[in-house]
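Listed below are the residues making up each chain.
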Amino acid sequence: MPIPFPGPSSRSPLSAFPSRDSVVAALRAAGCVFAEDEAALLVAAARTAEELASLVDRRVTGLPLELVLGWAEFRGLRIAVAPGVFVPRRRTEFLVSEALAHAPDAAVVVDLCCGSGAVGAALAAALDRPEVHAADIDPAAVRCARGNLADAGGRVYAGDLFDALPGALRGRVDILAANVPYVPTGEVALLPAEARDHEPLVALDGGTDGLDVLRRVAAEAPRWLAPGGCLLVETSQRQAPAAVDAFTRGGLTTRLAVCEESYAHVVIGVRD
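Residues numbered from 1 in each chain as written. Predicted model: local features only at pLDDT ≥ 70, side-chain atom pairs only at ≥ 80, totals over all residues. Heavy atoms only, no water.

Asks: Which residues make up the side chain of Gln-239, and what values do they have?
Replies: Structurally, Gln-239 can be placed in the loop between β8 (225–235) and α10 (240–249). Only 3.2 Å separates the side chain of Gln-239 from the side chain of Thr-235, close enough to count as a polar contact. Residues within four places of Gln-239 in sequence aside, it is in contact with Tyr-182, Pro-184, Asp-209, Gly-210 and Leu-211. (Helix = DSSP H or I, 4+ residues; strand = E, 2+ residues; numbered from the N terminus. Polar contact = N/O pair within 3.5 Å; in protein donor to acceptor, adjacent residues only side chain to side chain. Contact = heavy atoms within 4.5 Å.)

Asks: Break down the pattern of salt bridges for me, citing the residues and quoting the values.
Replies: On inspection of all chains with the given rule, the structure shows 18 salt bridges. The salt bridge involving Glu-36 is made with Arg-28; its shortest N-O contact spans 3.0 Å. For Glu-36, a relative accessible area of 48% gives the class partly exposed. Here Arg-249 ties to Asp-245 by a salt bridge, and the two come within 2.7 Å at their closest N and O atoms. Within this pair, Arg-249 and its partner Asp-245 are both found in helix α10, separated by 4 residues, close to a single helical turn. Residues joined by salt bridges that share partners form a network here, namely Glu-38, Arg-59 and Glu-194. (Salt bridge = Lys/Arg side-chain N within 4 Å of Asp/Glu carboxyl O. Buried < 20%, exposed > 50% of the residue type's maximum accessible area, 1.4 Å probe, protein only.)

Asks: I'd like a description of the state of the cysteines, backed by residues and values.
Replies: Per the counting criterion, the structure on display carries 0 disulfides. The thiol sulfur of Cys-113 is not disulfide-bonded, and the nearest other cysteine sulfur, from Cys-114, lies at 8.2 Å. Free of any disulfide, Cys-230 has its nearest neighbouring cysteine sulfur in Cys-113, separated by 16 Å. For Cys-230, a relative accessible area of 0% gives the class buried. (Disulfide = S-S within 2.5 Å.)

Asks: Account for unusual backbone geometry, with residues named and values stated.
Replies: Backbone geometry places Cys-113, a non-glycine residue, at a positive phi of 55°. With respect to the secondary-structure elements, Cys-113 resides in the loop between β4 (108–112) and α6 (118–126). If you check the backbone angles, Arg-129 has positive phi at about 50° while not being a glycine. With respect to the helices and strands, the residue Arg-129 is situated in the loop between α6 and β5 (131–136). For Arg-129, a relative accessible area of 75% translates into the label exposed.

Asks: Account for the environment of Pro-200, naming residues and giving values.
Replies: Within the secondary structure layout, Pro-200 lies in the loop between α8 (193–198) and α9 (212–220). Owing to a relative accessible area of 16%, Pro-200 belongs among the buried residues under this scheme. As a C-alpha pair, Pro-200 and Ala-44 span 156 residues in sequence and 29 Å in three-dimensional space. Setting aside its immediate chain neighbours within four residues, Pro-200 contacts Gly-84, Val-85, Phe-86 and Asp-138.

Asks: Quick rundown of the side chain of Asn-179? Include the residues and the values.
Replies: Here Asn-179 lies in the loop between β7 (173–178) and α8. Residue class for Asn-179 comes out buried when judged on its relative accessible area of 19%.

Asks: Give a description of the sheet that holds β7 that names residues and reports values.
Replies: Pairing within the open sheet is mixed, and its 7 strands lie in the order β6-β5-β4-β7-β8-β10-β9. Taken across any chain shown, the strands that pair with only one partner, and hence form the sheet edges, are β6 (155–158) and β9 (253–259). Strand after strand, the sheet turns through a mean of 20° between neighbouring axes, direction not considered. Pairing of β4 with β7 involves 4 bridges; the strand directions are parallel. Considered in β7, the bridge of Val-110 is made with Leu-176. (Pairing = 2+ DSSP bridges. Axes fitted to C-alpha atoms, helices over the stretch in contact; angles between N-to-C directions.)

Asks: Which residues make up the packing of helix α5 (residues 93–102) against α6, and what values go with them?
Replies: One way to put it is that α5 packs onto α6 with a least axis distance of 10 Å and a crossing angle of 40°. On the basis of the axis angle, α5 is oblique to α6. Along this stretch, α5 crosses α6, giving a crossing that reads as right-handed. Residues Leu-95, Val-96, Ala-99 and Leu-100 of α5 form the contact with α6, whose participating residues are Val-119, Ala-122, Leu-123 and Ala-126. (Parallel < 35°, antiparallel > 145°, perpendicular 65-115°, else oblique. Left-handed = near helix turned anticlockwise from the far one by under 90°.)

As structure tokens, then:
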């Protein structure tokens, strides 16, 4: 379950492990761009030299850092992640910020295509005791999200998009966050190995142009949103115009929000 992310002072200093330099060297040799930062996290996570060696070995053989550690940082929370579950991206924090800016008093939140449940957990932490629901088609993601949303009292369902949700939510949702897959099928093979080899295809492949799932969500979302409720979906710069069009065709008042710093593009649609 998510817990506040501790600052550096809350962990043992790196000097407690004389092998720090060798850890950094091993990570650099394996192509880790942020070798020193990763070494700090691995050293902090290890209780013994043997455990540290095991963590480093898993990382240098290509396992994503988040899966080595068992968690990913997201908006100040530690979100538990597990093998076969989509790892939350830091750029998706922008989607959460936009949701909170539009609906700071949201009472009902749905995290669709929830993966680890990071978006739902972050919204629950920022809002005043909202009713939180999440859904994913992948059973591994559902198990992971249930753990991450337990403290918020979140309910997590298994199924295909809205089919997974209880009908009682229709017309009540203030924030509908849908972190849908949006990589075009032909470009999945071009993804970094950490995503391509360790994350579920269903969380990555968005169809021929990457927008198949987004269109389905945009078409049905108005039936689930409360008046003034918003749908938020992350997409790419190239896909943004078509994504905006899909939202508009669904009957939503739509705008595109862009964060240049994190290269994040979020389409926001509001039910009038």
